[in-house]
Amino acid sequence: MSRTVEVAMSTLEEHIDVGVPIDSAWDSLHRVENYPRFMDGVRDARAESGGRAQLDIEAGGRARQMEMKASDRAGDRVLQWHTTESPQMSCSITLHPIDQGNTRIQARLEYDPDTVREAFGGPRGFAQANAIERLVRSDLEHFREYAEHSG
């Protein structure tokens, strides 16, 4: 008899307006090696073949390496990625032009709170959701600074 385990995923959506043209924002998102410049906890990031990337992450006092698989729909300006092992996380980042010099970055993160807590420690439940929300907001703010000043 086989058993299916249901994983309760949580979803977080955030957005930020960035003062760069959509093509500049798109190019900045694809520079995996620069992720440590705007993603809290990412100590090193390396692009690999086949749309894969290795990230060295430190969070909750724990260090670990994570592999992510990315794909994009350049015509729609959507970058999607997911982790290849636990903790289960996936994200889609959609770019929307506001005008010629400004872009809205919309991020949608789906994650399994239990495996994130197991992997990195930290609080449970609502407190963990608040911590992840603050982290995503902070990363978007840092991305805006990175994109607007990397010229």
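Data block above holds the structure.
Residues numbered from 1 in each chain as written. Predicted model: local features only at pLDDT ≥ 70, side-chain atom pairs only at ≥ 80, totals over all residues. Heavy atoms only, no water.

1. Focus: the overall build of the chain
Selection criterion: Helix numbers and strand numbers start at the N terminus; a helix is a DSSP run of H or I with at least 4 residues, a strand a run of E with at least 2. Summary of the burial criterion: residues with accessible area below 20% of their type's maximum are buried, those above 50% are exposed, and those between are partly exposed, where the area comes from a 1.4 Å probe applied to protein chains only. The criterion used for residue contact is that any of the two residues' heavy atoms lie within 4.5 Å. Residue-level accessible areas treat just the shown protein chains as cover; the underlying method is Shrake-Rupley with a 1.4 Å probe.
Along the backbone of the chain there are 3 helices and 7 strands. N-terminal to C-terminal, the α/β element order of the chain is β-α-β-β-β-β-β-β-α-α. The buried share of the chain, reckoned over its 151 residues, is 37%. Restricting to contacts in the chain with at least 6 residues of sequence separation, those with at least 24 account for 50%. For the chain, the computed accessible surface area is about 8,800 Å², with 46% contributed by carbon and sulfur atoms.

2. Some words on the nonpolar core
The nonpolar side chains of a soluble globular protein tend to be buried, and buried together. Let me state the cut-off plainly: Residues grouped as a nonpolar core are buried Ala, Val, Leu, Ile, Met, Phe, Trp, Tyr and Cys residues, joined through side-chain atoms within 4.5 Å.
Val18, Tyr35, Leu55, Leu95, Ile105, Ile132 and Phe143 are the most contacted members of the largest nonpolar core, which has 35 residues in total. Broken down by element, this core gets its largest block of residues, 6 residues, from helix α3 (residues 125-149). Leave out the neighbours within four places in its chain, and Tyr35 touches Leu29, Val42, Ala45, Leu55, Met68 and Leu79.

3. Here's the deal with the environment of Pro97
Tracing the backbone shows Pro97 in strand β6 (residues 89-99). Along the primary structure Pro97 and Arg77 are separated by 20 residues, whereas in three dimensions their C-alpha atoms are 9.7 Å apart. Once you skip the residues sitting within four places of it in the chain, Pro97 turns out to touch Ile22 and Asn102.

4. Digging into the layout of surface pockets
To find the voids left in a structure, one rolls a probe of water-molecule size over its atoms. Quick note on the threshold: The way it works is a 1 Å grid over only the protein atoms, where trapped points that fit a 1.4 Å probe form a cavity and open points with protein on both sides within 12 Å along at least five of seven lines form a pocket, and then any residue with an atom within 4 Å of a point lines it. Grid points are joined across faces, edges and corners, and a volume is the space filled by probe spheres set on the points. For this classification, Asp, Glu, Lys and Arg are treated as charged, while Ala, Val, Leu, Ile, Met, Phe, Trp, Tyr, Cys and Pro are nonpolar and the rest, including Gly, are polar.
Here the second largest pocket defines a volume of roughly 170 Å³. Along the wall of the second largest pocket there are 14 residues; nearest its centre are His30, Val32, Gly51, Ala70 and Leu79. Within the residue set of the lining of the second largest pocket, elements represented by two or more residues are β3 (52-59) and β4 (62-73). Here the element with the most residues in the lining of the second largest pocket is β4; it accounts for 4 residues. When grouped by side-chain class, the residues that make up the lining of the second largest pocket number 8 nonpolar, 3 polar and 3 charged.

5. A closer look at the pattern of salt bridges
Side-chain pairing between opposite charges can occur once the charged atoms of the two side chains come close. We count it as follows: Think of a salt bridge as a Lys or Arg side-chain nitrogen and an Asp or Glu carboxyl oxygen that are within 4 Å of each other.
The final tally for this structure, using the stated rule, is 12 salt bridges. Note that Asp56 and Arg46 form a salt bridge whose closest N and O atoms lie 3.2 Å from each other. Pair noted here: Asp56 is in strand β3 and Arg46 is in strand β2 (residues 42-47), with a separation of 10 residues, a long-range link. We note a salt bridge from Arg52 to Glu67, for which the minimum N-O separation is 2.9 Å. Placement of the pair is Arg52 in strand β3 and Glu67 in strand β4, with a sequence separation of 15 residues. Judged by its relative accessible area of 32%, Arg52 is partly exposed. Each member of the salt-bridge network shares a partner with another, and the members are Glu13, Arg108 and Glu110.

6. Observations regarding the sheet that holds strand β5 (residues 78-83)
Heads up, the rule is: Pairing between two strands is assigned when DSSP locates at least 2 bridges connecting them. The angle between two axes is taken between their N-to-C directions and runs from 0 to 180 degrees, where each axis is a line fitted to C-alpha atoms and a helix contributes only its stretch in contact.
Strand order in the open sheet formed by 7 strands is β1-β7-β6-β5-β4-β3-β2, and the pairing between neighbours is antiparallel. Pairing within the sheet leaves two strands with one partner each, and these edge strands are β1 (10-18) and β2. Sheet twist, expressed as the average angle between the axes of neighbouring strands with direction ignored, equals 20°. The sheet strands contacting helix α1 (residues 22-29) are β4, β5, β6 and β7 (102-111), and the helix crosses β6 at an angle near 160°.

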